[in-house]
Amino acid sequence: MNDEKIAQYGDELYNAWHACRTVAPLLQREPEITIDDAYRIQLRMVECRVQAGERIVGKKIGVTSKPVQDFLGVYQPDFGQLTSGMIYQEGETIDLGKLIQPKAEAELAFVLKRDLIGPGITAMDVISATDYVAPCFEIVDSRITDWKIKIQDTVADNASCGVFVIGNAHGDPRKLDIALAGMVLEKNGELFSTSVGAAVQGSPANAVAWLANTLGALGIPLRAGEVILSGSQSALVPIVDGDELVCSIGGLGSCRVKFAGRSAV
Amino acid sequence: MNPGLNLTREDIVRLCERVDGAQRRAYAIPKLTDEYPAMTIADGYAVQAELRRRYLSRGSRLVGWKAGLTSRAKMLQMGVHVPSIGFLTDDMYRPENSAISTSDLVHPRAECEVAFVTKKTLKGPHCTRQDVLDATDYVLPAVEIIDSRFSGFKFDLPSVVADNGSSARYVAGGRARYPAEIDLRTLGVVMEKNGEIVAMGASAAVLGHPAEAIAMLVNILAEQGEELAAGSFVMSGGITEAIPVKAGDCIIARYQELGSVSIRFVE
């Protein structure tokens, strides 16, 4: 795909995000689009956000669990870029009015204290480079109409990033069994689902190593201080005005999030 | 006749013989309610009590109890909406790392559970999660091999209760822990079959907290005029869905804080 088209779709997705509206799936319009093209579109979309004043604060990993991989017919994860405008603190209410068709996912977040530069990164390097891990919520959102996404659509749309909340419970990954740490997700006081770290690539640290290596091949380092959302351990949770979610990770602690307002769709 | 019973004593003995035969000779039978549509859950427990009497009269030792159908995953899988209980004897027990024969089972499935060993008598009704924790000596990881004697693993609650909650074999091991030293609600569990992850979950999947399932079990026992003796081994119900196993399969259940339990299946 030529640079002109990449820029055109990147701008289109940025404008859709900015205006809180959806666009038709890109793959329907451009059947030849490759995953590499989609990442170039993503870079353009994120560049527009940076030019508008945001900073890159980290990365998210998506498509990490078997059910989602089966759904998309893709047997590797994808990634998107986290920007400063996506951050909510735990305790702040998330404004659904700024989102289009949001859904929540519960994950383990990593915050780095050292750079991770692939290729050649192992899960052990990830633990060594991690400052702390924390329970978190990623609120995914899609700029593609009705979430009718194929892998190229979601990659181009910055891996369907919306906003995210890192819990105040911080833990040292050296003291936590991150593969076997259980996750309990409650919605409005009732059990919604349970899971375990191993649901993400056998261990969330494996997903982060995959990310470092994939970015390394593209010449992009993971920097000290960056946040990495390692991939959903839960099913997608539908959310509406007034909902409250709590995710508890065994041996680590909880993250609580509240929602208010109405999303665009 | 006791309240809730629709079957006569004769029917109960007859159904017990049918279940006992299917268990001992490992063959599948139609669910009991096909012939007795009016059979109630209380009738199911009457059949189970008769079955227990027979086990014990043949020399089996009562080791403890199991709660069944305690997670949403299991209730959905089996199409029932109330938990159940069953008894556990020494001859159903298999040690950790042992080879379990499948030739005397119908269609076995394995599931991961948190097990409790009690140090005080627990008596219902109104037994609570806290009562259970106070009476617990230690908890440990377990794998239960369930084996419904009903064709196609298809049953309703009266039938499965009569079949002793599909109890067949159980294995416990790993690392014993005091319940006060761990968060029993958020324990993660991974089941691997032949090296591949086949089921996952966290312990809250069982009625919000595994001790809740033990309290429920004590309260069901109370309805039958029984109590849970000190020193009982009690399984709180599958955290994961039950995974079919056959000869040649190897199962490893890995638990946060509790170590792992491994078993293999042979002809």
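Structure first, text after, so check above.
In this report, we go over the structure that sits alongside the text. It should be emphasised that the depicted structure is a prediction, and the values quoted were computed from it without experimental measurement. (Residues numbered from 1 in each chain as written. Chains lettered and ligands numbered in written order. Predicted model: local features only at pLDDT ≥ 70, side-chain atom pairs only at ≥ 80, totals over all residues. Heavy atoms only, no water.)

Observations concerning the overall build of chain A
Then step 1. Along its length, chain A carries 7 helices and 13 strands.
Then step 2. Considered along the principal axes of its C-alpha atoms, chain A spans approximately 50 × 45 × 35 Å.
Then step 3. Every one of the 265 residues in chain A was classed for burial, and the buried ones make up 57%.
Then step 4. Put simply, 76% of the contacts in chain A that link residues at least 6 apart link residues at least 24 apart. (Helix = DSSP H or I, 4+ residues; strand = E, 2+ residues; numbered from the N terminus. Buried < 20%, exposed > 50% of the residue type's maximum accessible area, 1.4 Å probe, protein only. Contact = heavy atoms within 4.5 Å.)

Notes on the overall build of chain B
Then step 1. Each helix and strand counted, chain B has 6 helices and 12 strands in total.
Then step 2. Taking 18 Å as the expected radius of gyration for a compact globule of 267 residues, we find that chain B reaches 17 Å, a close match to that expectation.
Then step 3. The principal-axis extent of the C-alpha atoms belonging to chain B is close to 50 × 45 × 35 Å.
Then step 4. Burial analysis of chain B (267 residues in total) assigns 59% to the buried set. (Rg over C-alpha atoms; globule rule 2.2 N^0.38 Å.)

Focus: the packing of aromatic side chains
Then step 1. Using the criterion set out here, one finds 7 aromatic pairs over all chains in the structure.
Then step 2. With a centroid separation of 4.5 Å and an interplanar angle of 20°, the aromatic rings of Y39 of chain A and F79 of chain A are classed as stacked. You can see Y39 of chain A sitting in helix α3 (residues 35–51) and its partner F79 of chain A sitting in strand β2 (residues 78–83), a full 40 residues away along the chain.
Then step 3. Both rings, one in F153 of chain B and one in F155 of chain B, keep their centres 6.4 Å apart while their planes meet at 50°; by these two values the pair is tilted. Side by side, F153 of chain B and F155 of chain B carry an identical accessibility label, which is buried.
Then step 4. Site record: aromatic cluster; members linked through ring pairs are Y55, W65 and F87 of chain B.
Then step 5. Note that R58 of chain B overlies the ring of Y55 of chain B, its terminal NZ or CZ placed 5.3 Å from the centroid.
Then step 6. In this arrangement the basic side chain of R109 of chain B is found over the ring face of F153 of chain B, its NZ or CZ atom lying 3.8 Å from the centre. (Phe/Tyr/Trp six-rings, centres within 6.5 Å; stacked < 30°, edge-to-face > 60°. Lys NZ or Arg CZ within 6 Å of the ring centre and 35° of its normal.)

Points about the state of the cysteines
Then step 1. Applying the stated rule across the entire model yields 0 disulfides over all chains.
Then step 2. No disulfide involves C20 of chain A; its sulfur sits 15 Å from the nearest other cysteine sulfur, which is in C161 of chain A. (Disulfide = S-S within 2.5 Å.)

So, the interface of chain B and chain A
Then step 1. At the interface, 16 residues of chain B touch 20 residues of chain A.
Then step 2. Summed over both partners, the interface of chain B with chain A buries about 1,200 Å², with 62% contributed by carbon and sulfur atoms.
Then step 3. Counting the surface chain B buries against chain A, the share from its top three residues, R185, T186 and Q256 of chain B, is 34%.
Then step 4. Applying the counting criterion to the chain B and chain A interface returns 1 salt bridge.
Then step 5. Here R185 of chain B and E186 of chain A are joined by a salt bridge, their closest N and O atoms 3.6 Å apart.
Then step 6. Between the two partners, chain B and chain A, sit 6 residue pairs in polar contact (both at pLDDT 80 or more).
Then step 7. The set of elements that each furnish at least two residues to the side of chain B that touches chain A consists of β7 (188–193), β8 (196–202) and β11 (250–255) of chain B.
Then step 8. Counting residues per element, the side of chain B that touches chain A draws most heavily on β8 of chain B, at 4 residues. (Buried area = accessible area lost by both parts, 1.4 Å probe. Salt bridge = Lys/Arg side-chain N within 4 Å of Asp/Glu carboxyl O. Polar contact = N/O pair within 3.5 Å; in protein donor to acceptor, adjacent residues only side chain to side chain.)

Some words on the packing of helix α1 (residues 3–19) of chain A against α3 of chain A
Residue and element names in this part refer to chain A.
Then step 1. Relative to each other, α1 and α3 sit at 50°, their axes nearing to 8 Å. On the basis of their axis angle, the class for α1 and α3 is oblique. You can see that α1 and α3 cross each other, and the crossing is right-handed. Of the residues in α3, those touching α1 at D3, I6, A7, Y9, G10, D11, L13, Y14 and W17 are D37, R40, I41, R44, M45, C48 and R49. (Axes fitted to C-alpha atoms, helices over the stretch in contact; angles between N-to-C directions. Parallel < 35°, antiparallel > 145°, perpendicular 65-115°, else oblique. Left-handed = near helix turned anticlockwise from the far one by under 90°.)

Notes on the sheet that holds strand β12 (residues 259–266) of chain B
All names here are of chain B.
Then step 1. The strand order across the open sheet built from 5 strands is β3-β12-β11-β7-β8, with neighbouring strands paired in mixed fashion. The outermost strands of the open sheet, each flanked by one partner alone, are β3 (99–101) and β8. Taking the axes of each pair of neighbouring strands and ignoring which way they run, one obtains an average angle of 20° across the sheet.
Then step 2. As judged from the 3 bridges shared by β3 and β12, these two strands associate in the parallel manner. Each bridged residue has a counterpart across the sheet, and for S101 the counterpart in β12 is V266. (Pairing = 2+ DSSP bridges.)

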